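# Remarks on the overall topology
The lines below spell out each chain.
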Amino acid sequence: MLALLADIHGNLEALQACLEHARSGGATRYAFLGDLVGYGADPAAVVQMVRRYAAEGAVVVQGNHDAWVAKYSGAMSEGAQDTLLWTRKVLGAEDVGWLGSLPLCVRQEQRCYVHASAASPARWEYVDDARSAKNSAQAAGVAWTFSGHVHRQVLYFGAWSGTMTAFAPVPGNAVPTAPTRRWVAIVGSVGQPRERNPAAAYALFDSVRESITFQRVPYDHLTAARKVRAAGLPDLFPGEPP
Amino acid sequence: MSPRSTASERLMPGEQIDDFIVWERLHVGAQGMVYRVTGPERGFPLLMKVPRFQSGEPAENLISYETEAMILPVLSGPHVPRFVAAGDLRRTPYIVLEQVEGQSLESMLDCSPMSADDVARIGAAVADALHSLHKQEAVHCDLKPDNVILRPNGEAVLIDFGLAWHARFPDLLAEEDRFAAGSTPYLSPEQLLGVRGDPRSDVFSLGVILYELATGELPFGAPASRGGLRQRLWMAPDPPAVLAAGVTPVLQEIILRCLEPQAENRYRSAAHVAFDLRHPHQVPLTERAVRVRGPGVLARTRLWWKAHVPTVTPTPIKRALDSAPVIMVAVDTTHSNDERHPAIQRETRHVLSRSDEFRLVCVSVISAPPLGASGADGASALHVEHLVKLRSWTAPLGLPAQRVSLHVIVAPDPARALVDFARRNHVDVIILGAPRPRQQPLAWMRSVASGVTANAPCSVHVVRIPEPKEPADASAMVG
């Protein structure tokens, strides 16, 4: 069982809840699909935790926020710049360097891991419709493409005619994904899920049954939100005010 | 990666595939072949369906196979064959499932036109099966006599889920509309326009089956051209009573309501179809019941125009069914002055306010009249007396006639009679009164409310009126 976690965004509480949920669901392997940092109050703890998984063989790809923290020096709004500088300071040069060294895209067997679109990973294009999903799947060239970036869980599947179709998955329901077709799974965001539901989102891929199960995990999002405010970061958190 | 071509490869008797040994071939069709197989003992006979693939053409049969292999394993209950195993699509695609014992509805068409009673009995059994499927968030999408087997006990089993749709799985046929057609004589208008996943499409197909059983004819023929097919978007069929004298006005009402071109004019739930087929005296008749010809030019033009306006997307199946519940209220007509009646009426009104397409079933269970006191006339007079009381009980609710039905049941054990009635009629919620908490301790144990609550197949709203305030020392005097 392979756990797929994207868009953690420095949210330690959400990450811990998802990892615990995945472990009890039988996960033995892990893939982190980018955007470990940004928005949340605990980028250092999150990076440390993901690095421990990476040391044990987990796949980690780079997201746009990771790349910005590592490299960006161009123009941006004042709030964004403050967050960027704060994150660099909290992380330290070593972790920032590690984020900068992450690959954009990893292919293993029939699986491709990429934060945004496999068609142009460094351009951070959103895979948010059938056409962009098809482009990503074609570029990936494998049966299963696992991505984040779009903070909403969607499963795209290829038709025999070559087009792709979007399916809104039902959390907790295992969907068979035989590799006779192409599949693009947008696994949702661990740290900043959308859809007016603060529960953290991730997915489990069962490589024996070749099925994918999207998950939503409730966690203490109020504490996470409080920590963001306490750190003086812009309040972009999901969920209700405390 | 491509599955092996089974078009030319016939499995031979005695051949072993995974855990199963293949025996005689039972059926050869355009979609594939069906063999009898044996395998690890399950307590029921087994079939193996092997899809037929044309080499180099990944088409209809393959997608149907994938669809059935995805949906059948998650379905349960007596109205679908039990799933046993599926082969790997890349090596040996097959599905092993229960061989359902019984008679195909197709083979019973030889007896059509059937009597209204037989049509109602078979139709209600098929509607039960559809409702069971719809409650599991699936739509069959290819309902036809070939795909219905009647077990010896009268229950219907739906088979062949190759074109089915399930709310929790991707619809592999969504983008393949040249395949997703289904069987043309039974196909609903909206399916023709590519809309899938609406349970009312199955209700339409059920209407075609009822029409065929009742008249021996297909309401829209078996058109081969797309233009001919599209006629059902605006054409109403000949009223069935015109074709077969045995069709009662009630049966015609039910059939034509199932066959309404616009889905919103049909029954929203197959449970309601089953209910009407089982309780013909409770079906309010409309213009449909007495129709002697199809719609006039004006009505047809209106429908034709509507047929060219894009249809709305179907409501999610769960919400659609939730909005069409069967709600049963137990009314004690023997004790008309019981102080609980207004409270039960209030609760009923409250439950009804949550849906717009409900069916309210009011049931009174009475005991048999004393022996020798009456005879048939007396029994019937008693029945009418309680029906009148039931009707007056529902009057304050101000409900239209087609939403309410009234039932007086003579039975010695009211709790059991209510539960049986609820089970047979797909009741979603039961409302009934309970004794006061401080009535003698055994009152609850002996009450109808406790018997129904313990055994009901659905939720039960137990209505209780608050205990009046008593002096502090009153409890010492109780019991």
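Okay, so let's go over this structure. Please read all numbers here as calculations on a predicted model, not as lab measurements. Each residue is numbered by its place in its chain's sequence as written, counting from 1. Note on labels: chains are lettered from A, ligands numbered from 1, in written order. A pLDDT threshold of at least 70 governs which residues receive local features in this predicted model, and a stricter bar of 80 or more applies before side-chain atom pairs are shown or counted, although totals over entire chains, interfaces and linings include all residues. For the side-chain quantities, the full set of heavy atoms in the structure was used; hydrogens and water were omitted.

### Here we look at the overall build of chain B
A run of H or I in DSSP becomes a helix once it reaches four residues, and a run of E becomes a strand once it reaches two; helices and strands are each numbered from the N terminus. Check the secondary structure of chain B and you find 18 helices and 16 strands. The buried share among the 479 residues of chain B stands at 52%. Pairs of residues are marked as contacts when any of their non-hydrogen atoms sit within 4.5 Å. Contacts in chain B between residues at least 24 apart in sequence constitute 71% of all its contacts with a sequence separation of at least 6. To measure how exposed things are, a 1.4 Å probe is used in the Shrake-Rupley method; for residues, cover is taken only from the protein chains shown. Of the roughly 22,300 Å² of accessible surface on chain B, 53% is carried by carbon and sulfur atoms. Whether a residue is buried, partly exposed or exposed follows from its accessible area with a 1.4 Å probe, protein chains only, as a fraction of its type maximum: under 20%, in between, or over 50%, in that order.

### Quick word on the side chain of T165(A)
Structurally, T165(A) is set in strand β8 (residues 164-167). Among residues more than four places away in sequence, those in contact with T165(A) are L155(A), Y156(A), F157(A), A174(B) and E175(B).

### Concerning the interface of chain A and chain B
A common way to state how big an interface is: give the accessible area lost once the parts meet. At the interface, 18 residues of chain A touch 17 residues of chain B. Counting the surface lost from both chain A and chain B, the interface buries some 1,500 Å², and carbon and sulfur atoms represent 64% of this. Definition used for salt bridges: Asp or Glu carboxyl oxygen within 4 Å of a side-chain nitrogen of Lys or Arg. Across the chain A-chain B interface, the total number found is two salt bridges. Nitrogen and oxygen atoms within 3.5 Å of one another constitute a polar contact, given that in protein one can donate a hydrogen and the other can accept it, and given that sequence-neighbouring residues count only through two side-chain atoms. Where chain A touches chain B, the interface holds three residue pairs in polar contact (both at pLDDT 80 or more). At the level of elements, β7 (154-158), β8 and β9 (174-176) of chain A are the ones that each hand at least two residues to the side of chain A that touches chain B. Broken down by element, the residue count for the side of chain A that touches chain B peaks at three residues, all from β9(A). Polar here means any residue outside two lists: the nonpolar Ala, Val, Leu, Ile, Met, Phe, Trp, Tyr, Cys and Pro, and the charged Asp, Glu, Lys and Arg; Gly therefore counts as polar. A class-by-class count of the residues in the side of chain A that touches chain B yields eleven nonpolar, five polar and two charged. Buried area, as used here, totals the accessible surface that two parts lose on assembly, with accessibility defined by a 1.4 Å probe and the loss added over both.

### Structural notes on the sheet that holds strand β1 (residues 2-5) of chain A
All names here are of chain A. For two strands to be treated as a pair, DSSP must find at least two bridges joining them. In spatial order, the strands read β3-β2-β1-β11-β12-β9; together these six strands make up an open sheet with mixed pairing. Because the sheet does not close on itself, it has two edges, and the strands there are β3 (59-60) and β9. Note: β9 against strand β12 (residues 211-217), three bridges, orientation antiparallel. Bridging from a neighbouring strand, P176 pairs with S211 of β12. Every angle, taken between N-to-C directions, lies between 0 and 180 degrees, and every axis is a line fitted to C-alpha atoms, over only the stretch in contact when it is a helix. Here helix α1 (residues 12-24) sits on the sheet and contacts β1, β2 (29-32), β11 (200-206) and β12; the angle it forms with β11, its principal contact strand, is near 30 degrees.

### A word on helix α5 (residues 199-215) of chain B
All names here are of chain B. In this scheme, a helix's expected span is set at 1.5 Å multiplied by one less than its residue total. Helix length check: α5, at 17 residues, gives a terminal C-alpha distance of 25 Å against a target of 24 Å (1.5 Å per residue), a fit within 8%. Buried residues dominate α5, accounting for 17 of its 17 residues. Phi turns positive, to about 80 degrees, at G216, one or two residues after α5.

### Brief notes about the packing of helix α15 (residues 414-424) of chain B against helix α17 (residues 448-455) of chain B
Residue and element names in this part refer to chain B. Between α15 and α17, whose axes approach to 8 Å, the crossing angle comes to 35 degrees. By crossing handedness, the relation of α15 to α17 is classed as right-handed. Listed contacts from α17 to P414, A415, L418, V419 and R423 of α15 are V448, G451, V452 and N455. Residue composition of the contact of α15 with α17, by class: six nonpolar, two polar and one charged. Less than a right angle of anticlockwise turn of the near helix away from the far helix marks a crossing as left-handed, whereas a clockwise turn marks it as right-handed.

### Focus: the sheet that holds strand β6 (residues 95-98) of chain B
Residue and element names in this part refer to chain B. Judged by pairing direction, the sheet is antiparallel, and its six strands sit side by side in the order β1-β2-β3-β4-β6-β5 without closing on themselves. The open sheet has two free edges, formed respectively by β1 (16-17) and β5 (83-86), since each of these has just one partner strand. Relative to strand β2 (residues 20-28), β1 is paired through two bridges, and the arrangement is antiparallel. Opposite I17, over in β2, you have F20 as the bridge partner.

### Examining the packing of helix α3 (residues 116-135) of chain B against α5(B)
All names here are of chain B. Axis separation between α3 and α5 bottoms out at 10 Å; the angle between their running directions is 165 degrees. One element, α3, and the other, α5, form an angle in the roughly antiparallel class. For α3 against α5, the interelement crossing comes out right-handed. Where α3 abuts α5, its residues V119, I122, G123, V126, A127, L130 and H134 lie against P199, D202, L206, L210, L213 and A214. Relative orientations are named as follows: roughly parallel for angles under 35 degrees, roughly antiparallel for angles over 145 degrees, roughly perpendicular for angles from 65 to 115 degrees, and oblique for any other angle.

### Some thoughts on the nonpolar core
Think of a nonpolar core as a cluster: buried Ala, Val, Leu, Ile, Met, Phe, Trp, Tyr and Cys residues, connected wherever their side-chain atoms sit within 4.5 Å. L105(B) and V273(B) are the most contacted members of the largest nonpolar core, which has 60 residues in total. When sequence neighbours within four positions are dropped, the list of residues in contact with V273(B) reads A127(B), V203(B), L206(B), I254(B), C258(B) and Y267(B).

### Considering α17(B)
Every buried residue of α17(B) is listed here: A449(B), S450(B), G451(B) and V452(B). Considering only its buried residues, α17(B) is in contact with α15, β15 (429-433), α16 (442-446) and β16 (459-463) of chain B.

### Observations concerning a nonpolar patch on the surface
Residue and element names in this part refer to chain B. Each patch groups residues whose relative accessible area exceeds 30% and which form no salt bridge, using 9 Å between like charges and 5 Å between nonpolar side chains of Val, Leu, Ile, Met, Phe, Trp and Tyr. A grouping of L442, W444, M445 and V462 is seen on the molecular surface, where their side chains present a nonpolar patch of about 380 Å² in accessible area. Counting residues per element, the nonpolar patch draws most heavily on α16, at three residues. Mapped onto the secondary structure, V462 falls in strand β16.

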